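Here are the chains, one letter per residue:
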Amino acid sequence: MTTHQPTIITSADLPPLSPELEELHRRSQETRRASKAKGTLRAYASALRSFETWCRSHGLDALPAAPETVVLFIEAEARSGRKVSTIEVKLAAIRFMHLKTGHVPPTGSQFVIEEMDGIRREIGVAPAKKRAATAALIAEMLAHAPAITMKGKRDRALLLLGFAGALRRSELVGLNVEDLDIGPDGITLTIRRSKTDQEGAGQVIGIPNGAKLRPVEAVTAWLEASGIEEGAIFRPIGKGGRLQEGRLSDRSVANLVKHYAEAAGLDVEGFSGHSLRAGYITSAAENGVDEGRIMDQSRHTDVRTVRGYVRRTNLFRNHSGSGFL
């Protein structure tokens, strides 16, 4: 099987261009590359490698792929234990590859649609719930992050800002000093780009000073100790507490959450980078905060997502059977 590469228009494919049009052509290529988030493109690249390898092993064409080929591929994925969400990403990648190269995507075929409908019913689409790092659990975890070391200061600031802002891990590690406006009431935080804001319009939330966990105090202490005045807020720390260049990866957030959960004697199963965000929403629900106000902070676009957290939190509050069970 021949592996096809996406069609890329170069200046050689065009009539002779003036310097001005050459520059516009170069910029247009950069703009098209930015049409998808980097994380999405990485996921698509991995998915396409998987699809092409599978097709090659069975002597089938990956591009253009027949609908029957895609049906067999996703059936094999389901039989090997892949989650529905994983298969959906691979289908999106196959569609993207075909559109990019000028082919009709086989993913729109009724064969493929019916196959996915059957897989969803067979496997189920309920996502695995991550354990929420609630305010009480965050306090336990912070007890093992010493406020006197560079790493301890950084980790305290990261855990608290991620929790207080109900931030996704990519949003947390993507923050720059320029995104913080520290005032008397707390931090006005600008999130330049997020899962629900791929165009980068920006979203603004408030991080109050707080009287218990005091997230603003932790962030201020970290910035003063590290001397960071611009660029990435959260950076790697080498031996001897030496600050390194670059920024932490989103995977680092998950590792830190698991590390401090284990240090606090908690069962780390289910803890992840998402636990900070889930923990804020759960803690707010426990305190009877209105769904709309929770969404102001979490920036969810679908109230049903937040309502799921609230319902799980309040399963036993004013239970219908409390008076007779």
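Look a little higher up for the structure.
This write-up is about the structure you can find in this document. Everything quoted here is computed from the prediction, not taken from an experiment. (Residues numbered from 1 in each chain as written. Predicted model: local features only at pLDDT ≥ 70, side-chain atom pairs only at ≥ 80, totals over all residues. Heavy atoms only, no water.)

### Description of the pairing of strand S1 (residues 180–183)
Put simply, the rule is: The pairing criterion for strands is at least two bridges between them, as found by DSSP. A run of H or I in DSSP becomes a helix once it reaches four residues, and a run of E becomes a strand once it reaches two; helices and strands are each numbered from the N terminus.
Two elements, S1 and strand S2 (residues 186–191), share four bridges in a ladder whose sense is antiparallel. Paired with Leu-180 across the two strands is Leu-189, which belongs to S2. Hairpin geometry of S1 and S2 is characterised by an intervening segment of two residues between the two adjacent antiparallel strands.

### Here's the deal with the pairing of S2
Here is the key point about a regular strand: its side chains alternate between the two faces of the sheet. To keep it simple, the criterion reads: Per-residue accessibility, obtained with a 1.4 Å probe over protein chains only, is compared with the maximum for each type, and a residue is labelled buried under 20%, exposed over 50%, and partly exposed between these values.
With respect to burial, S2 is a largely interior element, five of its six residues being buried. In this sheet, strand S3 (residues 203–208) lies alongside S2 in antiparallel orientation, the contact comprising six bridges. What sits directly across from Ile-191, in S3, is Gln-203.

### A word on the sheet that holds S2
We count it as follows: Angles shown run from 0 to 180 degrees and are taken between the N-to-C directions of axes, each axis being a line fitted to C-alpha atoms and, for helices, limited to the stretch in contact.
Read from one edge of the open sheet, three strands run S1-S2-S3, paired in antiparallel fashion. Each edge of the open sheet carries a strand with a single partner, namely S1 and S3. Between one strand axis and the next, the sheet turns by 20 degrees as a mean value, whatever way the strands run.

### With respect to the packing of aromatic side chains
What counts is decided by this rule: Only centres within 6.5 Å qualify two rings of Phe, Tyr or Trp (six-membered ring in Trp) as a pair; their planes then separate them into stacked at under 30 degrees, edge-to-face at over 60, and tilted for everything else. Put simply, a charge is over a ring when the Lys NZ or the Arg CZ is close to the ring centre, within 6 Å, and near the line of the ring normal, within 35 degrees.
Under the defined criterion, the tally for this structure stands at four aromatic pairs. With 5.3 Å between their ring centres and 50 degrees between their planes, Tyr-44 and Phe-96 make a pair best called tilted. Here the residue Tyr-44 occupies a position in helix H2 (residues 38–57), and Phe-96 occupies one in helix H4 (residues 84–100), the gap between them amounting to 52 residues. Judged by its relative accessible area of 24%, Phe-96 is partly exposed. For the pair Phe-51 and Phe-73, a centre-to-centre distance of 5.0 Å together with 70 degrees between the ring planes defines the contact as edge-to-face. A residue pair is termed long-range when its members are at least 10 positions apart, and Phe-51 in helix H2 and Phe-73 in helix H3 (residues 67–79) qualify at 22 residues. Of the residues examined, Phe-51 reaches a relative accessible area of 0% and is grouped as buried. Given a relative accessible area of 1%, Phe-73 falls into the buried group. Grouped by ring-pair contacts, the aromatic residues Phe-51, Trp-54 and Phe-73 constitute a single cluster. The lysine or arginine in question, Arg-312, covers the ring of Tyr-309, its NZ or CZ lying 5.0 Å from the ring centre.

### Some points on unusual backbone geometry
Omega for the peptide link from Leu-63 to Pro-64 comes to -5 degrees, which places this bond in the cis form. Summarising the element assignment, Pro-64 is placed in the loop between H2 and H3. Unlike most non-glycine residues, Arg-299 shows phi in positive territory, near 65 degrees. Residue Arg-299 is classed as buried on the basis of its relative accessible area, which comes to 6%.

### Some details on helix H10 (residues 250–263)
The condition that has to hold: One less than the residue count of a helix, multiplied by 1.5 Å, gives the span that helix is expected to have.
A rise of 1.5 Å per residue sets the reference length of H10, with its 14 residues, at 20 Å; its end C-alpha atoms lie 21 Å apart and thus fit the reference within 8%. Those residues of H10 that sit buried are Ser-252, Val-253, Ala-254, Leu-256, Val-257, Tyr-260 and Ala-261. In the stretch just after H10, Gly-265 is the one whose phi turns positive, near 80 degrees.

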